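Notes for the structure review
Chain residues, written in single-letter form:
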Amino acid sequence: MRSETTKKTTMLLNHSMFKYTLLIGLGFCSLASFAQEEEKEQQKTEKQEDVKGNLGEIDVVRDYKPILADAVKIRQSPDLTNNRKYLSKLHYTVFDRKLDINTGTHRLEIKEIPTSRPEVLTNNYAKIGVGNFNTLLGEVYISNGEDQAMQVGGFAKFLSQKGSDLDGQNFNEQKIGLFGRSVLDQITLNGEIGFNRYGTRYYGLAPSQQGLTPDPVTPPQEQNSPLKQHYNDIYIKGELNSNATDDPELLSYSLKADGYLFGNAFSAKENSFALSGNLNKKINAFNVGLNASGDFTSLKSADQSTGNHIARLNPYIRFQGNNYKITLGAALVSEFGGDESRNNIFPAVDLDLALVPEYISLYAGVKGDAVKTSYRSLANENPYLSETPFIDTATNNLVIHNMLEKINAYGGIKGNAGAAVGYKVGLFYKKVSDLPLYAINPTNPSRYDLIYDRGEKNTIYGLEGDINVRVSEAFSLGGNLIFNEYDLDHEAEAWFIPKLRLAANTRINISKKVYIDGELFFNDAMKAKTYAQYEGLTDMDPSNAVTVSLPAFVDISAGLEYRATKQIGVYVRGNNLLNKSYQRFLYYPRLGFNVIGGINVSF
């Protein structure tokens, strides 16, 4: 029994041993296989390292570009709170209604416009002011202002000043006039009539006269005062123009009349009447036209008289398109009425070409003319002309010559630099004869005579420019520049004519009640013709003509206005702010710094 049991036990042990022996054998086989695979991988890695060592190691380097995750790009942390609002359930009720359709037009109801107070009219104003140098100012302007088709009004001005540096340094000015404008169906009429008066004294003193009583006058009460001089100007002018129509080929026309009576405090007088007209007819792509004028003037001085008449006829043809305008014509000019008569034919050519429309345009032209020598124009520029102008000191005869522009060639560019800036810059060349110039009277240094350079080859060339800046209603700026050079046949210099002149002005609205304006004028140095005796030169003949230089000067003025109400304002204005007693004409210094202030009323 025991032997059987022992035998069974031995068989079970042998069977288990075989089982465990088989499992251990399979384990060693697996480990050997894993060891072989790991050895192969190690050999492969060593082989690759050997190859890499033979070829050399390559490192690729590039700029670091940081890349942010999308979540990092959010500058603020998201609000993860769930605050969802639950809306209550909505209930809808549908009404069954009949649609009312009106087939007719509903009558519009007229609503009354509420009454409003109109803006205060400011087409009329009055101004008064006082200042140093015994300055008095009064000015008034009146106009109906509302009817655009009919404008009528009038104006008046008074200004008086008295200097303290020199005896007789007095100035006064008066103006008064009426004007009107009427726009009819076919034509427009303009007219004006008025009276101007300017008064002064011959207060100029030469260096050799310093300390002496200048130019005594006849009345006993004014024995120690310079002689008075004044100029009266009565004028009338009118104009008729055809109105623009929708038909561009309709005949257009204009007519202008201008007349005046001008004289000084003595016997010198100039009376003039001028009539001019224009006819223009468009035919297809071009215009045919005619300009005609007649200027009839009589002059009287020192009990002598003469005529100075000019007639002009200018036929032309004009080609005009969207970006160009070309005018071809001729000017027939005839001078008559005086001691000599002249007839001339001049070219009249003008070109205007838009290189960049509205921004840059090229202009050029050639023309000629007879420029009238007018006593009225000369006295307005230089009021110190002698009592008997145009009298030749050598012959004692009344002599007057018109300047003849034989050729006037010009060209340049003009246009706009945006909506706020306008400009024009150009060159010019002129060939003239009978150029009028001022010169000191040989017998009296406080008087000026008119002399002429009658050379046939006098030339003038130079540059001129204009600019206008208007940024808004609150700021505007304008300027003008003229540079010219004279090459004369007989006279040594272009007497009292500067090479460079510059003028500028500005206006600034600081607020609705405060306004500032300013002006600047620059006049380059000039040459003056005088005589040795007046300059105190004793080493030469006293009657010898000498040249004197007048220095350049700058005149700056500025004004300030405050509108206290819509109708009343106060103002102050300063002139010659640099306080320079400069001389525009030799021996006649201007007033220094002067200020004027007052009130103005609009109504």
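Description of the confidence of the model for the protein
On average, residues of the protein score 85 in pLDDT, and 77% of them reach the 70 mark or higher. Below a pLDDT of 50 lies the segment residues 51-56, which in the model reaches 1 contact outside its immediate sequence neighbourhood of four places, other chains included.

Description of the pairing of strand S14 (residues 403-416)
Strand direction decides the pairing type here: strand S13 (residues 360-371) and S14, joined by 10 bridges, are antiparallel. Its bridge partner lying in S14, Ala364 is registered against Gly411. As defined by bridge partners, S14 adjoins strand S15 (residues 421-433) across 12 bridges and the pair is classed as antiparallel. Considered in S15, the bridge of Asn416 is made with Gly422.

Regarding the pattern of salt bridges
The full count for this structure, using the stated rule, is 19 salt bridges. A salt bridge links Glu340 to Arg454; the nearest nitrogen and oxygen atoms lie 3.2 Å apart. With Glu340 in the loop between strand S11 (324-336) and strand S12 (342-356) and Arg454 in the loop between strand S17 (444-453) and strand S18 (458-472), this residue pair connects regions lying 114 residues apart in the sequence. Arg454 sits in the partly exposed class, given a relative accessible area of 37%. In this structure, Glu473 engages Arg470 in a salt bridge whose closest nitrogen and oxygen atoms are separated by 2.9 Å.

Section: the side chain of Asn382
With respect to the helices, strands and loops of the structure, Asn382 is situated in the loop between helix H2 (375-381) and S14. Filtering out sequence-adjacent residues up to four positions away, Asn382 remains in contact with Tyr438, Tyr448 and Phe585.

Quick look at unusual backbone geometry
Even without a glycine there, the phi angle at Asp303 is positive, about 60°. Owing to a relative accessible area of 71%, Asp303 belongs among the exposed residues under this scheme. For Asp434, which is not glycine, the phi torsion reads 60° and is therefore positive. Structurally, Asp434 is set in the loop between S15 and strand S16 (435-441). Given the relative accessible area of 2%, Asp434 is considered buried.

Things to note about the environment of Leu261
Within the element layout of this structure, Leu261 appears in strand S7 (residues 252-264). For Leu261, a relative accessible area of 49% translates into the label partly exposed. Residues Leu261 and Ile236 lie 25 residues apart in sequence; the distance between their C-alpha atoms is 9.3 Å. Sequence-distant contacts of Leu261, that is, excluding residues within four places in its chain, are made with Asn232, Asp233, Ile234, Glu270 and Asn271.

Analysis parameters
Residues numbered from 1 in each chain as written. Predicted model: local features only at pLDDT ≥ 70, side-chain atom pairs only at ≥ 80, totals over all residues. Heavy atoms only, no water. pLDDT = per-residue confidence, 0-100. Contact = heavy atoms within 4.5 Å. Pairing = 2+ DSSP bridges. Helix = DSSP H or I, 4+ residues; strand = E, 2+ residues; numbered from the N terminus. Salt bridge = Lys/Arg side-chain N within 4 Å of Asp/Glu carboxyl O. Buried < 20%, exposed > 50% of the residue type's maximum accessible area, 1.4 Å probe, protein only.

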